[in-house]
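These are the residues of each chain, in order.
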Amino acid sequence: MSVDIGNRLRHLRTLHNLSQRELARRAGVTNSTISLIESNASNPSVGALKRILDGIPIGLAEFFAFQPEKPRQFFYAAEELTEIGKGSISFRQVGNNLFGRSLQILKECYQPGADTGKVPLVHEGEEGGIVLSGRLEVIVEDERRILGPGDAYYFESRRPHRFRCVGVVPCEVISACTPPTF
């Protein structure tokens, strides 16, 4: 059984009211190191993880044994969605804590010309979405499509992919990813 170190670290950090920046300062690592680990883009060595956990403080055994309660909130008002994006792309997540969850749901809004970047996204799981408004260019491996309202996508997330808003109006999408690795 694999342990989701990134979500576990994020959950414990927020439980102790620490920002990524503050934990990085306490652990003597860069803010980007914490960010990469929490997004599961980097897998720390045992020594590096121990040093980071000392900044909380929590021991390795306690870290791996920790079993938080599953979130008990069932309904979310629009203003309760958690913003996890920045810049010209808004990713509003259902629920602020995905620890122990197997699904991530997002309301995405891309401003005209907004792009997820020249380097394609690659992560574990599957994802799908439905375009609500605007036009979204979706590239998966060497396939490219322009999707409009009502059009959808669904693919394995380990396939290199990227998204870009085309046209002069913002593009809104409802998406889901399992497991929550975005």
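Analysis parameters
- The residue numbers shown here count from 1 along each chain, following its written sequence.
- Owing to the predicted nature of the model, reporting of local features is limited to residues with pLDDT of at least 70; listing and counting of side-chain atom pairs is limited to 80 or more, with chain, interface and lining totals taken over all residues.
- For side-chain calculations, the full set of non-hydrogen atoms in the structure is used, while hydrogens and water are omitted.
- By the convention used here, strands pair only if DSSP detects at least 2 bridges between them.
- By the criteria applied, helices consist of DSSP H or I runs no shorter than four residues and strands consist of E runs no shorter than two, each listed in order from the N terminus.
- Between the rings of Phe, Tyr and Trp (Trp by its six-membered ring), a pair exists once the centres lie within 6.5 Å; its type follows the angle of the planes, with under 30 degrees stacked, over 60 edge-to-face, and the other angles tilted.
- Whether a charge sits over a ring comes down to the Lys NZ or Arg CZ being within 6 Å of the ring centre and within 35 degrees of the ring normal.
- Note on exposure labels: buried denotes an accessible area under 20% of the residue type's maximum, exposed denotes more than 50%, and partly exposed covers the range between, all computed with a 1.4 Å probe on protein chains only.
- Throughout this description, a polar contact denotes any pair of N or O atoms lying within 3.5 Å of each other; where both atoms belong to protein, one of them has to be capable of donating a hydrogen while the other can accept it, and for residues adjacent in sequence the pair is counted only when both atoms sit in side chains.
- Take the buried residues of types Ala, Val, Leu, Ile, Met, Phe, Trp, Tyr and Cys, join any two whose side-chain atoms come within 4.5 Å, and each joined set is a nonpolar core.
- Two residues qualify as a contact provided that any one of their heavy atoms is within 4.5 Å of a heavy atom in the partner residue.
- Working convention: axes come from line fits to C-alpha atoms, limited for helices to the stretch in contact. Angles between N-to-C directions cover 0 to 180 degrees.
- Left-handed describes a crossing in which the near helix is turned anticlockwise from the far one by less than a right angle; the clockwise case is right-handed.
- All residues other than Ala, Val, Leu, Ile, Met, Phe, Trp, Tyr, Cys, Pro, Asp, Glu, Lys and Arg, Gly among them, are scored as polar; the first ten of these are nonpolar and the last four charged.
- Salt bridge, as applied in this entry: a Lys or Arg side-chain nitrogen positioned within 4 Å of an Asp or Glu carboxyl oxygen.

> Would you mind going over the sheet that holds strand β2 (residues 89-93) with me for this structure?
Strand pairing within a sheet occurs via backbone hydrogen bonds; the two strands may be parallel or antiparallel. Within the open sheet, the six strands sit side by side as β1-β2-β3-β9-β4-β7. Their pairing is antiparallel. In this open sheet, the two edge strands, each paired with only one partner strand, are β1 (82-83) and β7 (152-156). Where strand β4 (residues 126-133) lies against strand β9 (residues 171-178), seven bridges are found, and the strand directions are antiparallel. Bridged to Glu126 within β9 is Thr178.

> Please clarify how the packing of aromatic side chains should be interpreted in this entry.
How two aromatic rings sit relative to each other is set out by the distance from centre to centre and by the angle between their planes. Per the stated rule, a full pass over the model turns up five aromatic pairs. One aromatic cluster in this structure is built from Tyr153, Phe155 and Phe163. The positively charged end of Arg8 is found above the aromatic ring belonging to Phe63, 5.9 Å away from the centroid.

> Help me out: how do you make sense of the side chain of Glu137 in this one?
Tracing the backbone through its elements, the reader meets Glu137 in strand β5 (residues 135-140). We classify Glu137 as buried; its relative accessible area is 7%. A distance of 2.4 Å separates the side chain of Glu137 from the side chain of Arg144, its partner in a polar contact.

> Help me understand the nonpolar core, please; the structure alone is not making it clear to me.
Most often, soluble globular proteins keep nonpolar side chains buried together rather than apart. In terms of nonpolar packing, the biggest core is built from 17 residues, with Leu9, Leu23, Ile52, Leu53, Ile56 and Phe63 touching the most fellow members. Taken together, the elements giving at least two residues each to this core come down to α1 (5-15), α2 (20-27), α3 (31-38) and α4 (46-54). The contact partners of Phe63, leaving out residues within four places of it in the chain, are Ile5, Arg8, Leu9, Leu12, Leu49, Leu53 and Ile58. In this structure, Leu106, Val140, Phe155 and Phe163 belong to the second largest nonpolar core, which totals 16 residues.

> Can you walk me through the packing of α2 against α3 in this structure?
The relative placement of two packed helices comes down to the angle between their axes together with the axis-to-axis distance. Put simply, α2 and α3 touch, their axes get as near as 8 Å, and they point 115° apart. Remark: the crossing between α2 and α3 carries right-handed chirality. On the side of α2, the interface is formed by Gln20, Arg21, Leu23 and Ala24, while α3 contributes Asn31, Ile34, Ser35 and Glu38. Along the lines of polarity and charge, the residues of the contact of α2 with α3 split into three nonpolar, three polar and two charged.

> Would you mind showing me how to read the pattern of salt bridges here?
Where charged atoms from two side chains of opposite charge approach closely, those side chains can pair. What the rule picks out here adds up to 12 salt bridges. Residues Glu156 and Arg159 are paired through a salt bridge, measuring 3.0 Å at the closest nitrogen-oxygen approach. Classification of Glu156 as partly exposed rests on a relative accessible area of 26%. Take Arg159: its relative accessible area is 31%, and that puts it in the partly exposed class. Salt bridges sharing partners connect three or more residues here, namely Glu141, Glu156, Arg158 and Arg159.

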